[in-house]
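Single-letter residue listing:
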Amino acid sequence: MKIYDRLYIDGQWTASSDPGFIDVTNASSEQVMGRVPCATAAEVDRAVAAARTAFASWSTTTVERREALLRRLHEGLLERCDEIADTVTKEVGMPIKLSRRIQAGLPAMVMESYARLIANYPLEERLGNSLLLREPVGVVACITPWNYPLHQIVAKLAPALAAGCTLVLKPSSQAPLSAFILAEIIEQAGLPPGVFNLVSGRGAVVGEALALHPEVDMVSFTGSTATGKRLTVLAAETVKRVSLELGGKSASVILDDADLRVAVKGTLGACYLNSGQTCSALTRMLVPASLYEQAASLAAEMGRGFVVGDPFSDQTRLGPLVSAAQRERVRNHIRKGIEEGAELLTGGPMAPEGLDKGYYVQPTVFGQVDSQMTIAREEIFGPVLSVIPYRDEDDAAAIANDSIYGLAGAVWSGDDERALSFGRRMRTGQVDINGGQFNILAPFGGYKQSGKGRELGKFGLEEFLEIKSLQM
Ligand code: NAP
C-alpha cells in the first residue's frame with residue numbers, strides 16, 4: 001500500500017481539512033493499492049495564495065537557475081524510474097516493459113528537453129523601435145488525466161517552471177500516486193516554497209475551484225472534451241488563459257500502394273497502446289474497398305495475437321483498463337457496434353478467457369464500419385479498432401475529417417510524397433507518415449474539439465508566456 005496522507009502546499013506536507021481519502025485501485029487485482037488526501041476549496045485557496053506569493057520571486061529568477069533546477073528534477077525522475085513505472089503499471093495497467101519506457105522514461109526526457117530549451121530560448125528580441133519581452137503568465141492550475149499520469153503532468157510542469165510560472169497541480173483521482181513521487185522529487189531538488197503545490201481531490205471540487213479562482217491566471221488541462229468545455233466556461237468568468245488537450249478519434253489511412261502488413265500492424269499497435277487508453281490512438285483504420293478483405297483479415301489475425309493478461313508478465317501485450325467504469329464503458333461500445341451492424345471480426349464484450357478478475361477487455365476489431373456508427377464517432381478509450389472501407393482518396397479524406405475531433409492521424413503509402421500530400425489534407429494536429437515516430441520536440445495538440453494550444457517543445461513553452469512590447 002502506498003499511503004500519502006498530506007498535500008504539498010507552500011513547501012510543506014500538510015493535512016486536508018477533509019478527513020476523507022481517495023482510494024487508488026490496482027487495475028489487475030481490483031484491490032486498493034494506495035490512497036491520497038481529498039482536498040477542498042479551502043486547500044485550493046491556500047495553494048493558490050502560496051503560488052501567488054512565490055510568483056513574485058520565481059518569475060524573476062535567472063534562466064540559469066531554472067535550467068539547473070529542471071536538470072535536478074530530471075535526475076530525480078531517473079533515480080526513481082523503476083518505482084514510477086511499477087506504480088503506474090499497477091494503477092493504469094500498461095505492460096511494465098512499455099511503462100518503463102513511456103510512463104517513466106518519457107517524463108524524464110521531457111523534463112530534460114525543457115532544461116535545454118530554456119537555456120537557448122530568446123525571451124527578448126528587438127522589433128524596430130520595440131523591445132519584445134516574453135514573461136511568465138503567472139499562477140497556473142494544472143489539471144491532468146490518468147492514462148499517462150506523470151507524462152501529462154510533466155508536459156505542463158516543465159515548461160511552466162521554465163517560463164517562470166508557479167503552479168497548483170490537481171492530478172487525476174484514478175492515478176494520482178506518481179504525482180506524489182514527483183512532489184517528493186521537487187522537495188528534494190530544493191524548489192522554493194509555493195512554486196509547486198499539489199492538491200489531490202475530486203475534479204468537481206478541486207478542479208472547479210481552481211478554474212474559478214480569481215488568483216489563477218491560466219488553466220492548463222488535459223482530459224475529456226466534456227470536462228474541457230466545462231472548465232472553459234468557468235475560467236471565462238475571470239478571462240483566464242485556457243489550454244486544452246482533449247479527446248480524439250484518429251484515422252489511419254492506408255493508401256492503395258502501401259505495404260499492407262506493415263500498415264495494419266502499425267495501426268493496430270497505435271490503437272492498442274496502453275489498452276487503447278491513449279488520446280492519439282489510431283482507432284479508425286481506413287482501407288481501399290478493393291483491399292478491404294485482405295486488410296480486415298490481417299487486422300483480425302493480428303488482433304487475436306495480442307496476449308492479454310498480467311501487465312508484469314513478459315508475454316503480455318495488453319494489460320487491463322484503468323477501472324471497472326472504464327471497462328464497462330468500453331464493453332458498452334462493443335455491444336453498440338454489434339447492435340448497429342458492424343461486423344465483429346475478433347474480440348467482443350465478454351471478459352477475456354481466464355481473466356475474471358482485473359479490468360480486462362478483449363482486443364477487438366470491427367469490420368464494415370460505417371462513418372455514422374457510434375464506434376466510428378465516439379472516443380472509446382479501449383482496445384477497439386474500426387476498419388472502414390473507402391472508394392478513392394477524396395472519399396478517404398472526407399471520412400478521415402468527418403469527426404468532431406482532430407488530434408492525430410497516420411498515412412501509409414509506398415510513396416512518401418504521396419503520403420505527405422495526403423497528410424496535408426487531414427484536419428488534425430499530428431500526422432504520422434509511414435510509421436513516423438513520436439517526437440518530444442514537435443507540437444502536440446488538437447484541431448477542432450481535440451483542444452486548444454500545443455504542448456511539448458518550444459510551442460509548449462510559449463503557452464506559458466505572455467508577450468509585452470516596450471516602445472523606445
Ligand atoms: P476527465 O474525466 O476529463 O478528467 C481529467 C481531469 O479533470 C481529472 O483530474 C479530473 O478529476 C478532472 N475533472 C473532472 N471533472 C472536472 C470538473 N468538473 N472540473 C474540473 N476538473 C474536473 O478525463 P480522464 O477520464 O481522466 O482522461 C481521459 C480523457 O483525457 C480522454 O478523453 C483522453 O482523450 C483525454 N486525453 C487527452 C490528451 C491530449 O493530449 N489531447 C492526453 C491524454 C488524455 P478526477 O480524476 O478527480 O475526476
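Everything below is about the structure printed above this text.
From a predicted model like this one, the values you see are computed outputs, not experimental measurements.

A. Up close: the overall build of the chain. Looking only at helices and strands, the chain has 15 helices and 23 strands in total. Per-residue burial for the chain yields a buried fraction of 60% across its 472 residues. Total accessible area on the chain stands at roughly 18,200 Å², and carbon and sulfur atoms take up 50% of it. One way to put it: in the chain the 47 positive side-chain charges average out to a point 2 Å from where the 55 negative ones average out.

B. Region of the structure containing the pattern of salt bridges. Taken as a whole, this structure holds 24 salt bridges when the rule is applied. With its nearest N and O atoms 3.7 Å apart, the salt bridge here joins Glu30 to Arg327. Taken together, the positions of Glu30 in the loop between β4 (21–25) and β5 (32–37) and Arg327 in helix α11 (residues 324–339) put the pair 297 residues apart, joining distant regions of the chain. Here Glu30 falls in the partly exposed class, since its relative accessible area comes to 31%. One network of salt bridges, with partners in common, ties together Lys2, Arg80, Glu83 and Glu184.

C. Representation of the sheet that holds strand β16 (residues 364–367) in the model. Spatially, the 7 strands line up as an open sheet ordered β15-β16-β17-β14-β13-β19-β20, and their pairing is mixed. Edge positions in the sheet fall to β15 (343–346) and β20 (432–433), since each of these pairs with one other strand and no more. Where strand β19 (residues 409–412) lies against β20, 2 bridges are found, and the strand directions are parallel. By the bridge assignment for β20, Ala410 is matched with Asp432.

D. Molecular detail of the site of the ligand. Not every one of the 29 residues close to the ligand is listed here, only the nearest: Thr144, Ser173, Ser224, Leu246 and Glu379. One nitrogen or oxygen atom from the side chain of Ser173 is found 2.5 Å from an oxygen atom belonging to the ligand. A distance of 2.7 Å separates a nitrogen atom of the ligand from a polar atom in the backbone of Leu246. Protein chains shield 86% of the accessible area of the ligand, which is 910 Å² for the free molecule. Of all the elements in the fold, those that place two or more residues in the shell around the ligand are α7 (203–212), β11 (218–222) and α8 (225–236). Top element by residues in the shell around the ligand is α7. It accounts for 3 residues. Of the residues contributing to the shell around the ligand, the split by class is 11 nonpolar, 13 polar and 5 charged.

E. Summary view of the nonpolar core. Grouped together as the largest cluster of nonpolar side chains are 76 residues, with contacts concentrated most on Leu70, Leu73, Met111, Leu157, Leu161, Phe196 and Leu461. Membership of the second largest hydrophobic core comes to 28 residues, among which are Leu255, Ile334, Ala342 and Tyr359.

F. Representation of the packing of aromatic side chains. Using the criterion set out here, one finds 7 aromatic pairs in the structure. The interplanar angle of 80° and the centroid separation of 5.5 Å between the aromatic rings of Trp146 and Phe381 together place this pair among those described as edge-to-face. Residue Trp146 is located in the loop between β8 (139–143) and α5 (149–163), and its partner Phe381 is located in the loop between α12 (374–377) and β17 (384–390); the two are separated by 235 residues in the primary sequence. With a relative accessible area of 13%, Trp146 lands in the buried category. Judged by relative accessible area, Phe381 falls into the buried class, the value being 13%. Ring geometry for Phe438 and Phe444: centres 6.2 Å apart, planes at 70°, overall edge-to-face. A relative accessible area of 11% places Phe444 in the buried class. Here a set of aromatic residues connected by ring pairs shows up, and it is made of Tyr4, Tyr8, Trp13, Phe180 and Phe196. Above the ring of Phe306, the side-chain terminus of Arg317 is found at 3.9 Å from the ring centroid.

Procedures and definitions
Residues numbered from 1 in each chain as written. Predicted model: local features only at pLDDT ≥ 70, side-chain atom pairs only at ≥ 80, totals over all residues. Heavy atoms only, no water. Helix = DSSP H or I, 4+ residues; strand = E, 2+ residues; numbered from the N terminus. Buried < 20%, exposed > 50% of the residue type's maximum accessible area, 1.4 Å probe, protein only. Areas by Shrake-Rupley, 256 points an atom, 1.4 Å probe, with all protein chains shown as cover. Lys, Arg positive; Asp, Glu negative; His and termini not counted. Charge placed at Lys NZ, Arg CZ, Asp CG, Glu CD. Salt bridge = Lys/Arg side-chain N within 4 Å of Asp/Glu carboxyl O. Pairing = 2+ DSSP bridges. Near = heavy atom within 4 Å. Polar contact = N/O pair within 3.5 Å; in protein donor to acceptor, adjacent residues only side chain to side chain. Nonpolar A, V, L, I, M, F, W, Y, C, P; charged D, E, K, R; others polar. Core = buried A, V, L, I, M, F, W, Y, C linked by side-chain atoms within 4.5 Å. Phe/Tyr/Trp six-rings, centres within 6.5 Å; stacked < 30°, edge-to-face > 60°. Lys NZ or Arg CZ within 6 Å of the ring centre and 35° of its normal.

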